[in-house]
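Chain and residue survey
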Amino acid sequence: MPASRPRPTKPCARRRFLAQWPCWLLACWLFLAPWPASAAAVPGEGDITLQTQFWIDSSGQTSADEVERQADRFEDMARDRSFQLDPAAALWIRIPMQRLDQDKRWYLLLTASAFNNEVSLHVRSATGGWLVQRSGDHLPVAQWDHPDQTPVFAVDPASVGPLWLRIVNSPTPTSPRLQLLTEEHLQTKRYTTLLLIGGYLGFGLLALFLGVVHARLYADRAFLAYCVYVACMLGFQSSYTGIAGLFFWPHWAAWNDQAPAFFMLWLTGAGIWFVREACAVSRYHRGIDRFVMAWSVIGLLYPFLYAHWLSPVAFQLLNLYGLLSVLLSISVCLWAWRKGETYAGWLALGFLPVHLGYPFPALRSAGWLPDSWATQYAVLIGSALEIPLLLYILHRRAKEFSETRARLRAVESTDPLTGLTIVPVLRLRLRDAFRRARRGHHQCGVLLAELSNHAEIVTREGREAGDRALVVGAARLASVVRDVDTVCRVSDTRFALLIEGPVKPELLRLTAQHVVAKGLERVPALPSELSLRFRVVSAATPEADADEGEAPDERLLERLHRALDRMGSDPRKVVLHLSGRQQAPV
């Protein structure tokens, strides 16, 4: 017994795999990118947070000299310590110096903190003065001593005394993580981050472009809401990670400070609007629709109130709005799904990656989680999965609705039973074909075919079988002609075929015979002794003696009908070609 051959992969499955593999590749890349292979670690490199000590200056006015004299008031830094500073307070961190390689350039990196108000590093110079390097959101990134995504400070390996880092941040809590890196490792870390976020932004812009194309193609407001949502997501991620301050607005300190909050609220409001449009909330309940729309408008307007009322209370309201919006979007999707909106359930699953990543930055903002890679990039990775998923769901939804609308529009111009062209459309095309034939000095052809045994099929098998025979007959007639030709059902059992010219009478005769032979093929839904028996009359037109002022389409169709009626008296005659005013049997 021969070995069974492996079953080939279905074409649809292959297409589905080819459409999805870029998403899985991007997800793997986003997950693995933060851990690239690097050179061997240099002694002294790494996380030095636990080696530091801290002290909170409640007044925020203490100078570096006074802080140095009060070194005994500093406490050891605990792991994952978070600080909620008052607007006037400052956090001082004492960083002990250790022996470093003199041949390398060293840098102090404040990681996972792209949005501290003021950060400055104070170092004793050889002359006894203070060397100060500054950064932070209240200073334009272009004016930082070392412009970067997060605060970076140069460290002189020959320094003997400790380093003093001053941080001012309000109303969000701060959880400083300090890394001491050589220039090589800093560049590797910088390139990896830029590659990660640059790939994400490029992917997001591609999805945004496709959303705009779909919005124009389907004229669906859900795609417009999706585009606004994606644009706000890209703005939020670029500002939250510090990339926007480095590349897009390096001279706008005020906007760089407020951008994460603005984009976060706009993103949330746009997401609620998107849920409202995609779930068709207005179709099911007017009150809920108005509430959801008002909630979305709050996200649009509250950023301006937040910037004016900047305080811990305003920041807590911002976090509360984000949390309630997540719960609202899930609830609305599930509610609409229960109401019968099929794609609302899929939207709830599409939002799941971002909903799973949202708690990390939210808990960080509340001071319950320290700054970390997860709080910085969890939503970014989630949105990288969410954005294409939502676009695919919207595409399937719009395609289904578009097909439904196309079928409804087609009812106005097609026969409901067979799907063929209706008579008014046939007459319009006949007149156009006649005009083209006269201008080109050639002829086109018209055939009139009748399913002569339809009454017999209905009598033996019932009306449903008769309708099925008409549908099968229409399909077989359409398979005989070309795509540019027209097939129309002109009465219960008669069909007209317009053969675009130039055409010769011999071709019409062959086509008529082909129609008869096609009908004799077995119909699976009918008994084997029952076939579709067609009678066909054909004519080449326009005629040489035809008057251009007459209605040639109506006159020709009447002539073909009369000839087909006369053929009913002789069952043996199934094909007739009309040439001029003569009838020529074939």
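Before going further, it helps to spend a moment on the pattern of salt bridges. Tallied over the entire structure, the rule returns 22 salt bridges. Glutamate 183 is the partner of arginine 105 in a salt bridge, and the nearest nitrogen-oxygen pair spans 3.9 Å. In this pair, arginine 105 sits in the loop between β4 (90-95) and β5 (106-111) while glutamate 183 sits in helix α3 (residues 183-218), placing the two residues 78 residues apart along the sequence. Accessibility expressed as a relative area gives 55% for arginine 105, which makes it exposed. Assessed through its relative accessible area of 25%, glutamate 183 is described here as partly exposed.

Where helix α14 (residues 454-461) contacts helix α15 (residues 463-480), the axes come no closer than 7 Å and their chain directions differ by 145°. When the axes of α14 and α15 are compared, the crossing they make is right-handed. Only Arg463, Ala465, Gly466, Ala469 and Leu470 of α15 make contact with α14, whose side of the interface consists of His454, Ile457, Val458 and Glu461. Across the contact of α14 with α15, the residue classes tally to 5 nonpolar, 2 polar and 2 charged.

Okay, the sheet that holds strand β6 (residues 118-124) next. Taking strand neighbours across the sheet as the criterion, the 6 strands line up as β3-β2-β4-β9-β6-β7 in an open arrangement whose pairing is antiparallel. Two strands close off the open sheet at either side, each with one partner strand: β3 (75-76) and β7 (130-135). Note: β6 against strand β9 (residues 163-168), 5 bridges, orientation antiparallel. By the bridge assignment for β9, histidine 122 is matched with tryptophan 164.

With that settled, consider a nonpolar patch on the surface. Where nonpolar side chains cluster on the molecular surface, the patch consists of Leu305, Trp309, Val313, Leu317, Leu320, Leu323, Leu324 and Leu327 and spans about 670 Å² of accessible area. Ranked by residue count, the leading element in the nonpolar patch is helix α8 (residues 312-338), at 6 residues. Along the chain, leucine 317 falls in helix α8. In this structure leucine 317 comes out as partly exposed when scored by relative accessible area, which is 36%.

Attention shifts here to the environment of glutamine 179. Along the chain, glutamine 179 turns up in strand β10 (residues 177-182). Here the alpha-carbon distance between glutamine 179 and leucine 109, two residues 70 residues apart in the chain, equals 5.1 Å. The contact partners of glutamine 179, leaving out residues within four places of it in the chain, are Gly46, Asp47, Tyr107, Leu108, Leu109, Thr111 and Lys189.

Each regular strand displays side chains that alternate between the two surfaces of the sheet. Burial analysis of β4 places 5 of its 6 residues in the buried class, the great majority of the element. Summarising the sheet, strand β2 (residues 53-57) and β4 pair through 5 bridges and their orientation is antiparallel. In the strand pairing of β4, isoleucine 56 is matched with leucine 91. By the bridge criterion, 5 bridges tie β4 to β9 in an arrangement that is antiparallel. Bridged to arginine 94 within β9 is tryptophan 164.

Read across the open sheet, the 4 strands follow the order β1-β10-β5-β8; overall the sheet is antiparallel. At either end of the open sheet lies a strand with only one pairing partner, and these are β1 (46-47) and β8 (152-155). As paired strands, β5 and β8 are joined by 4 bridges and run antiparallel to one another. Opposite tryptophan 106, over in β8, you have valine 155 as the bridge partner.

Tallied over the full model, the rule gives 22 aromatic pairs. Considering the side-chain rings of tryptophan 255 and phenylalanine 262, the 5.5 Å spacing of their centres and the 70° angle between planes classify their relative orientation as edge-to-face. Judged by relative accessible area, phenylalanine 262 falls into the buried class, the value being 7%. Pairing tryptophan 295 with tyrosine 321 gives two aromatic rings, centres 5.0 Å apart and planes at 20°, and the pair type is stacked. Of this pair, tryptophan 295 sits in helix α7 (residues 286-308) while tyrosine 321 sits in helix α8, and the two are 26 residues apart along the sequence. For the residue pair tryptophan 295 and tyrosine 321, the accessibility class agrees, reading buried in each case.

Criteria and thresholds
- Each chain carries its own residue numbering, running from 1 in the direction its sequence is written.
- Two thresholds apply to this predicted model, a pLDDT of at least 70 for residue-level local features and 80 or more for giving and counting side-chain atom pairs, whereas whole-chain, interface and lining totals are computed over all residues.
- Side-chain measures here rest on the full set of heavy atoms in the structure, leaving out hydrogens and waters.
- When a carboxyl oxygen of Asp or Glu is within 4 Å of a side-chain nitrogen of Lys or Arg, the pair counts as a salt bridge.
- Counting from the N terminus, the helices are the DSSP runs of H or I reaching at least four residues and the strands are the DSSP runs of E reaching at least two.
- Buried residues are those whose accessible area, probed at 1.4 Å on protein chains only, stays under 20% of the maximum for their type, while exposed residues exceed 50% and partly exposed ones sit between those limits.
- Only C-alpha atoms enter the line fits that serve as axes; for helices the fit covers just the stretch in contact. Angles between N-to-C directions range over 0 to 180 degrees.
- Each crossing is labelled by how the near helix is turned from the far one, with a counterclockwise turn of less than a right angle marking it left-handed and a clockwise turn marking it right-handed.
- Note on contacts: a residue pair qualifies if any of its non-hydrogen atoms lie within 4.5 Å across the two residues.
- Only Asp, Glu, Lys and Arg are considered charged, only Ala, Val, Leu, Ile, Met, Phe, Trp, Tyr, Cys and Pro nonpolar, and every remaining residue, Gly among them, polar.
- We call two strands paired when DSSP finds no fewer than two bridges between them.
- Here a patch means residues that are over 30% exposed by relative accessible area and free of salt bridges, tied together within 9 Å if like-charged and within 5 Å if nonpolar (Val, Leu, Ile, Met, Phe, Trp, Tyr).
- The protein chains shown are the only cover counted for residues, whose accessible areas, like all others here, come from Shrake-Rupley with a 1.4 Å probe.
- Only Phe, Tyr and Trp rings are paired, with Trp represented by its six-membered ring, and only when their centres lie within 6.5 Å; those with planes under 30 degrees apart are stacked, over 60 edge-to-face, the remainder tilted.

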